[in-house]
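These are the residues of each chain, in order.
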Amino acid sequence: MRVTITQLREMKQRGERIAMLTAYDFPFSKIIDEAGVDIILVGDSLGNVVLGYENTLPVTMDEMLHHTRAVVRGTQRALVVFDMPFLSYQVSLEDAIRNAGRAIKETGCHAVKLEGSGDYVVKIVSTFVRMGIPVMAHLGLTPQSVHQLGGFKVQGRALQQARQMIDDALQLQAAGAFSIVLECVPTKLARIITERLEIPTIGIGAGKYCDGQVLVLHDMFNISMRTPPRFVKVYADIRKYMYNGTKKFIQEIKTGAFPTEEHSFSIPDTVIRRLQKNGNKRKKK
């Protein structure tokens, strides 16, 4: 059965941790779905780790729709969340509604995620929820605001900033968000926010007290082509296996070791004799 937002809230209530990962295509989503992950985020981080952009800002709605459709096709259990890309909801409320509607209708995903806080974002969240679109919020380091934040830095260390983040989390909860991602937030601040909320928090670089954790899949397997951030644990170095396998393939092609009979297809000798016989007749003519 598919994980629901109601189940996620129940998991928080009984102290069961929530496992969330990113995915951007059919095979990776199928693997992690079968492994039992609770939530799959089709993150705009695909800009960095799949499309080769410098940051998430260039990612478009069409790119997000394309990748999310593939992820949904690969899942049966996980709740799939569509990450609203930059300028898909910031321009106007009408624009935000249209794009969120496209996300749900055209991909089959189950929720959307958006970054930020303040009156405008709160209004978007409450509007989406009234429309029946579940919303995951995102506080702390919000990559779409990387230039305004002055880079990828921990957020919430100063007293006023920490107080504001707590207030923002409570406002987003009141607006109807079913969960909040806390990115690059001090552990003790993330703990306070988690304890004050009735909805689950999902941490990424926010310490162990969040209700769940998320990592970028390509960072976790060291195939993102970048140095993984400090908060990432590399669970398997897939990049090394892929590199070594490719080197071996090239070597076997150069030496003629591949393909062998095992990797080839046969044809009856009688057919070959007939072909050769017909070829000889044509030469005589």
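Higher on the page you've got the structure.
What comes next is a walk through the structure. (Residues numbered from 1 in each chain as written. Predicted model: local features only at pLDDT ≥ 70, side-chain atom pairs only at ≥ 80, totals over all residues. Heavy atoms only, no water.)

Looking now at the packing of helix 4 (residues 61-73) against helix 5 (residues 93-107). For the pair helix 4 and helix 5, the least separation of the axes is 9 Å and the interaxial angle reads 30 degrees. On the basis of their axis angle, the class for helix 4 and helix 5 is roughly parallel. For the crossing formed where helix 4 meets helix 5, the hand is right-handed. Only Asn 99, Arg 102, Ala 103, Glu 106 and Thr 107 of helix 5 make contact with helix 4, whose side of the interface consists of Met 61, Asp 62, Leu 65, Thr 68, Arg 69 and Val 72. Of the residues that constitute the contact of helix 4 with helix 5, the class distribution is four nonpolar, three polar and four charged. (Axes fitted to C-alpha atoms, helices over the stretch in contact; angles between N-to-C directions. Helix = DSSP H or I, 4+ residues; strand = E, 2+ residues; numbered from the N terminus. Parallel < 35°, antiparallel > 145°, perpendicular 65-115°, else oblique. Left-handed = near helix turned anticlockwise from the far one by under 90°. Contact = heavy atoms within 4.5 Å. Nonpolar A, V, L, I, M, F, W, Y, C, P; charged D, E, K, R; others polar.)

To characterise two packed helices, one gives the angle between the axes of the helices and the distance between these axes. Look at helix 8 (residues 159-175) against helix 9 (residues 187-196): their axes get within 10 Å of each other, and the N-to-C directions meet at 25 degrees. The pairing of helix 8 with helix 9 is recorded here as roughly parallel in orientation. As for how helix 8 packs across helix 9, the hand of that crossing is right-handed. Packed against helix 8, whose contacting residues are Ala 162, Met 165, Ile 166, Ala 169 and Leu 170, the element helix 9 presents Leu 189, Ile 192, Ile 193 and Arg 196 at the interface. In terms of residue class, the contact of helix 8 with helix 9 is made up of eight nonpolar, no polar and one charged.

Next up on the list: the nonpolar core. In this structure, Phe 82, Leu 114, Phe 128, Leu 172, Ile 180 and Leu 182 are the most contacted members of the largest nonpolar core, which totals 60 residues. Sorting elements by how many residues they give to this core places helix 8 first, with six residues. Discounting residues that sit within four places of it in the chain, Ile 180 has contacts with Ala 137, His 138, Leu 139, Ala 169, Leu 172, Leu 197, Ile 199, Pro 200, Thr 201 and Ile 202. Met 20, Ala 111, Met 136 and Val 214 belong to the second largest nonpolar core, which has 16 residues in total. (Core = buried A, V, L, I, M, F, W, Y, C linked by side-chain atoms within 4.5 Å. Buried < 20%, exposed > 50% of the residue type's maximum accessible area, 1.4 Å probe, protein only.)

Quick look at the sheet that holds strand 2 (residues 39-42) now. The parallel closed barrel is built from eight strands, whose spatial order is 1-2-3-4-5-6-7-8. Shown here is a sheet whose adjacent strand axes are inclined to one another by a mean of 25 degrees, direction ignored. Both strand 1 (residues 18-22) and strand 8 (residues 212-215) contribute to a ladder of four bridges, which runs parallel. Among the inter-strand pairings, Ala 19 is bridged to a residue of strand 8, identified as Gln 213. (Pairing = 2+ DSSP bridges.)

So, about the state of the cysteines. One pass over the full model with this rule turns up zero disulfides. Free of any disulfide, Cys 184 has its nearest neighbouring cysteine sulfur in Cys 210, separated by 12 Å. (Disulfide = S-S within 2.5 Å.)

Turning next to the pattern of salt bridges. If you walk through the whole model with that rule in mind, you get 12 salt bridges. Between Asp 38 and Arg 77 there is a salt bridge, with the nearest N and O atoms lying 3.3 Å from each other. Pair noted here: Asp 38 is in the loop between helix 2 (26-35) and strand 2 and Arg 77 is in the loop between helix 4 and strand 3 (79-83), with a separation of 39 residues, a long-range link. By relative accessible area, which is 7% here, Asp 38 ends up buried. Here Glu 195 makes a salt bridge to Arg 191, at a shortest N to O gap of 3.1 Å. Within this pair, Glu 195 and its partner Arg 191 are both found in helix 9, separated by four residues, close to a single helical turn. Each of Asp 62, Arg 69, Arg 102 and Glu 106 takes part in one network of salt bridges that share partners. (Salt bridge = Lys/Arg side-chain N within 4 Å of Asp/Glu carboxyl O.)

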